[in-house]
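In case you want the letters, here they are:
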Amino acid sequence: MEQIIPVCGPAPAPDLLYTAWNVAPLPILALALLAAMRIPGVQKGPACAAAAALFLAFVSPLCALTVALFAARGLHHLVLVLVAAPALALAWPHRLPFGRIGSFIGLSAFLWLWHLPAAYTLAWESPRFYWLMQAGFLGSAWAFWSHVFHAEHPAERVASVGMVLALAGQMGLIAAILTFSPRILYLQHVGATEAYGLGALADQQLAGLVMWVPGMVPLALLGALLLRRGWREASLT
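Residues numbered from 1 in each chain as written. Predicted model: local features only at pLDDT ≥ 70, side-chain atom pairs only at ≥ 80, totals over all residues. Heavy atoms only, no water.

Enquirer: Help me out: how do you make sense of the nonpolar core in this one?
Expert: Soluble, globular proteins show a tendency: their nonpolar side chains are buried together. Within the largest apolar cluster, 64 residues are counted, with the highest numbers of intra-cluster contacts made by Phe144, Trp145 and Leu167. Looking at this core, the elements with two or more residues in it are α2 (44-58), α3 (61-68), α4 (70-91), α5 (99-114), α6 (117-125), α7 (127-149), α8 (154-180) and α9 (200-236). If you tally residues by element for this core, the top one is α4, at 13 residues. Not counting residues up to four positions away in its chain, the partners in contact with tryptophan 145 are Val81, Leu82, Ala85, Pro86, Ala89, Val164, Leu167, Leu219 and Leu222. (Core = buried A, V, L, I, M, F, W, Y, C linked by side-chain atoms within 4.5 Å. Buried < 20%, exposed > 50% of the residue type's maximum accessible area, 1.4 Å probe, protein only. Helix = DSSP H or I, 4+ residues; strand = E, 2+ residues; numbered from the N terminus. Contact = heavy atoms within 4.5 Å.)

Enquirer: Teacher, can you tell me more about the side chain of glutamine 134 here?
Expert: Tracing the backbone through its elements, the reader meets glutamine 134 in helix α7. Beyond its immediate chain neighbours, meaning those up to four positions away, glutamine 134 contacts Phe58, Arg73, His76, Leu80 and Trp114.

Enquirer: What's the story with a nonpolar patch on the surface in this structure? I'm lost.
Expert: Taken together, the side chains of Trp21, Val23, Ile28 and Phe55 define a hydrophobic patch exposed on the protein surface, amounting to about 400 Å² of accessible area. With respect to the secondary-structure elements, tryptophan 21 resides in the segment before α1 (25-36). Residue classification places tryptophan 21 among the partly exposed residues on the basis of a relative accessible area of 45%. (Patch = residues over 30% accessible without salt bridge, like charges linked within 9 Å, V, L, I, M, F, W, Y side chains within 5 Å. Areas by Shrake-Rupley, 256 points an atom, 1.4 Å probe, with all protein chains shown as cover. Salt bridge = Lys/Arg side-chain N within 4 Å of Asp/Glu carboxyl O.)

Enquirer: Help me understand the confidence of the model for the chain, please; the structure alone is not making it clear to me.
Expert: Residues shown with low pLDDT carry predicted positions that ought not to be read at fine detail. In the predicted model, the chain carries a mean pLDDT of 86, and 88% of its residues have values of at least 70. Averaged pLDDT values for the elements of the chain fall to 71 in α1 and rise to 96 in α3. (pLDDT = per-residue confidence, 0-100.)

Enquirer: How should I be thinking about the environment of proline 46 in this particular structure?
Expert: Tracing the backbone through its elements, the reader meets proline 46 in helix α2. Taking relative accessible area as the criterion, proline 46 reaches 14% and is therefore assigned buried. Residues proline 46 and proline 86, spaced 40 residues apart in sequence, show a C-alpha to C-alpha distance of 8.3 Å. Those residues in contact with proline 46, other than ones at most four positions away along the chain, are Ala87, Leu90 and Ala91.

Enquirer: When you look at the packing of aromatic side chains in this model, what are you seeing that I'm missing?
Expert: Applying the stated criterion to the full structure yields 13 aromatic pairs. Pairing tryptophan 114 with tyrosine 130 gives two aromatic rings, centres 6.2 Å apart and planes at 85°, and the pair type is edge-to-face. Taken as a pair, tryptophan 114 in helix α5 and tyrosine 130 in helix α7 lie far apart in primary sequence, 16 residues in all. A residue is classified by how much of its surface remains accessible, and tyrosine 130, at 4% relative accessible area, is buried. (Phe/Tyr/Trp six-rings, centres within 6.5 Å; stacked < 30°, edge-to-face > 60°.)

Right, here's the structure in full:
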């Protein structure tokens, strides 16, 4: 049987992780285009932050580490949803015609789809499906944060906070499933985690904790700040 090599390459040995850079043409070309864009009115800070986050996710050794550890895959998703997408939303707001509810539904769908073992297997085996999943995940998160950050009315800002908290709730539920599942859900990492001192089930549990703590805390804080801002603006109208 032909061995399947994921998009980010084979699982690296721990002592060679620093050499495992992904120099595939697609992410390099996308980052080059992002760096070359010069649009009047675009905030340079968020644009640079978005480029750095995408570089970390798809070019740095973190990409290869996602092949070895599912916990790294969880961190990879947090970089996309909580760093790259918000930065893109601040630099280039991208609002979908069906509004914040539609973007929230889209982001929720891709969030759950990525964690379905069958879909995860398909993304592992098919580069086309992998990039489709990544584009849908990042694109829906980009639209979601664009609606959250650029709501036009105080009432809309308050409503957007509910969407942020609902997103946090979904991530918490997925984290609980990963942490407390008694069996291994993602068999692709079996045999690769031991080099990093983890069994496959422990790696899966660590992924849940990664989503719980580094994921939930920023969302909760952001939701609280947006809620305070919305209430303050609503009280002044």
